[in-house]
Amino acid sequence: MTMPTFFIPHGGGPCFFMDPADPDRPHSDPMWHPMQAYLAGLIAGLDERPRAILLVSGHWEEAAFTVHVGDRPSLLFDYHGFPPHTYALRWDAPGAPAVARRAASLLQEAGFATAEEEARGWDHGVFVPMKVALPDADIPLAQMSLRHDLDSAAHIAAGRALAPLRDEGVLIVGSGMSFHNLRVRGPQAFAPSTAWDYALTAAVTDPDADSRARRVAAWEGLSQARFAHPREEHLLPLMVALGAGGDAPATCDHRSNVLGWTVSGYRFG
């Protein structure tokens, strides 16, 4: 079976795990509940369970696409100002070094420079949404970085190179936020974030795969683009998921409002 690919919103910091009495159970402000429910159904809603996950987070950038090859990655608590218990969260899934090296090989065949590392922990773009989606932590996961030039077309091309993994039982997930402007929230964010979201969704769900890729690569021309992403690192995981999705149908399978932001998630295939 060919796996789909996803672009998921990973929320804000440890937003789904704010109950100090039971930190392993998702518990969040009600505004996060729709996103939490979406993430909880991500793996459960698949027709077949993946043998591994390859995840690209908006919180890891390197000069070249870099894969994490550790067997048991630690967690990197790269958020600030949250309650003490959120710095003791656990998500103990095994790493997937063979999948990571297979991904690097595919990228190299497509002409991309790659690198490996094994010391960096999984950032919150990995363990926070995956702790909701996969609470038993029982599917191996490999993380891949963004490339710090943030070139949209290159990230789409990298996704295309990774597409064979889908036929090898690997679920490819881009983890970011479709809207990510931390300087604005509340009612003043709603209208421009919604305009952006509908423009982005129209591009992402273009039924013509070539047109879809062109429109999303040219995202800066969409309505409210730089309002939505003063810097695009949280959008680039979408490019990888889109590229890996190839000609597969694209759908917006989540939309919610948090902090005044309209936020979406997408599925390819």
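Scroll up for the structure.
These remarks concern the structure in this document.

## Points about the overall build of the protein chain
Then comes step 1: From N to C terminus, the protein chain includes eight helices and eight strands.
Then comes step 2: Taking 269 residues into account, the globule formula puts the C-alpha radius of gyration at 18 Å, and the protein chain, at 17 Å, falls close to it.
Then comes step 3: Seen through its C-alpha atoms, the protein chain measures out along the principal axes to roughly 45 × 40 × 35 Å.
Then comes step 4: Counting over 269 residues, the protein chain shows a buried share of 58%.
Then comes step 5: Excluding contacts between residues fewer than 6 apart, the proportion of contacts in the protein chain whose partners are at least 24 apart in sequence is 79%.
Then comes step 6: As displayed, the protein chain offers around 10,300 Å² of accessible surface, 53% of which is attributable to carbon and sulfur atoms.
Then comes step 7: Positive and negative charge centroids in the protein chain, built from 21 and 31 side chains respectively, lie 2 Å apart.

## Quick look at the environment of Ser105
Then comes step 1: Here Ser105 shows up in helix α2 (residues 97-109).
Then comes step 2: Accessibility expressed as a relative area gives 27% for Ser105, which makes it partly exposed.
Then comes step 3: Counting along the chain gives 59 residues from Ser105 to Leu46, while the straight-line C-alpha distance between them is 27 Å.

## What to know about the nonpolar core
Then comes step 1: In this structure, Ile53 and Trp91 are the most contacted members of the largest nonpolar core, which totals 89 residues.
Then comes step 2: When residues in this core are grouped by element, the largest group, seven residues, is from helix α8 (residues 236-245).
Then comes step 3: Beyond its immediate chain neighbours, meaning those up to four positions away, Trp91 contacts Leu75, Trp122, Phe127, Met130, Lys131, Leu134, Ala137 and Leu141.

## Considering the pairing of strand β7 (residues 250-258)
Then comes step 1: Here β7 runs beside strand β8 (residues 261-268); their pairing, made up of eight bridges, is antiparallel. Opposite Cys252, over in β8, you have Tyr266 as the bridge partner.
Then comes step 2: Between β7 and β8, which pair antiparallel and follow one another directly, the connecting turn spans two residues, one of which, Leu259, has a positive phi of 60°.

## As for the environment of Asp253
Then comes step 1: Position of Asp253 among the secondary structure elements: in strand β7.
Then comes step 2: What makes Asp253 partly exposed here is its relative accessible area of 31%.
Then comes step 3: Taking the C-alpha atoms as reference points, Asp253 and Ile8, separated by 245 residues in sequence, lie 9.6 Å from one another.
Then comes step 4: Excluding residues within four positions of it along the chain, Asp253 makes contact with Phe6, Tyr38, Gly265, Tyr266 and Arg267.
Then comes step 5: At 3.1 Å, the side chain of Asp253 forms a polar contact with the side chain of Tyr38.

## Some words on α2
Then comes step 1: In this model, α2 (13 residues) spans 18 Å end to end at C-alpha, consistent with the 18 Å of a helix rising 1.5 Å per residue.
Then comes step 2: Along α2, the positions that sit buried rather than exposed are Pro97, Val99, Ala100, Ala103, Ala104, Leu106 and Leu107.
Then comes step 3: Packed against the buried residues of α2 are β2 (52-62), β3 (65-68), β4 (114-117), β5 (141-147), α4 (152-162) and β6 (170-176).
Then comes step 4: Of the residues one or two after α2, Gly111 is the one with positive phi, at around 95°.

## Quick notes on the packing of helix α5 (residues 187-204) against helix α6 (residues 209-217)
For any two helices packed against each other, the geometry is given by the interaxial angle and the distance between the axes.
Then comes step 1: Two elements in contact, α5 and α6, have axes separated by 8 Å at closest approach and are oriented at 145°. Between α5, through Ala202, Ala203 and Val204, and α6, the contact on the second element is made entirely by Arg212, Arg215 and Val216.
Then comes step 2: Considered class by class, the residues forming the contact of α5 with α6 number four nonpolar, no polar and two charged.

## Side note on unusual backbone geometry
Then comes step 1: The phi dihedral of Leu150 falls on the positive side, at around 55°, and the residue is not glycine.
Then comes step 2: Along the chain, Leu150 turns up in the loop between β5 and α4.
Then comes step 3: Despite not being glycine, Gln224 shows a phi value in the positive range, around 65°.
Then comes step 4: Along the polypeptide, Gln224 turns up in the loop between α6 and α7 (225-228).
Then comes step 5: Gln224 sits in the partly exposed class, given a relative accessible area of 36%.

Definitions and cut-offs
Residues numbered from 1 in each chain as written. Predicted model: local features only at pLDDT ≥ 70, side-chain atom pairs only at ≥ 80, totals over all residues. Heavy atoms only, no water. Helix = DSSP H or I, 4+ residues; strand = E, 2+ residues; numbered from the N terminus. Rg over C-alpha atoms; globule rule 2.2 N^0.38 Å. Buried < 20%, exposed > 50% of the residue type's maximum accessible area, 1.4 Å probe, protein only. Contact = heavy atoms within 4.5 Å. Areas by Shrake-Rupley, 256 points an atom, 1.4 Å probe, with all protein chains shown as cover. Lys, Arg positive; Asp, Glu negative; His and termini not counted. Charge placed at Lys NZ, Arg CZ, Asp CG, Glu CD. Core = buried A, V, L, I, M, F, W, Y, C linked by side-chain atoms within 4.5 Å. Pairing = 2+ DSSP bridges. Polar contact = N/O pair within 3.5 Å; in protein donor to acceptor, adjacent residues only side chain to side chain. Expected span 1.5 Å × (residues − 1). Axes fitted to C-alpha atoms, helices over the stretch in contact; angles between N-to-C directions. Nonpolar A, V, L, I, M, F, W, Y, C, P; charged D, E, K, R; others polar.

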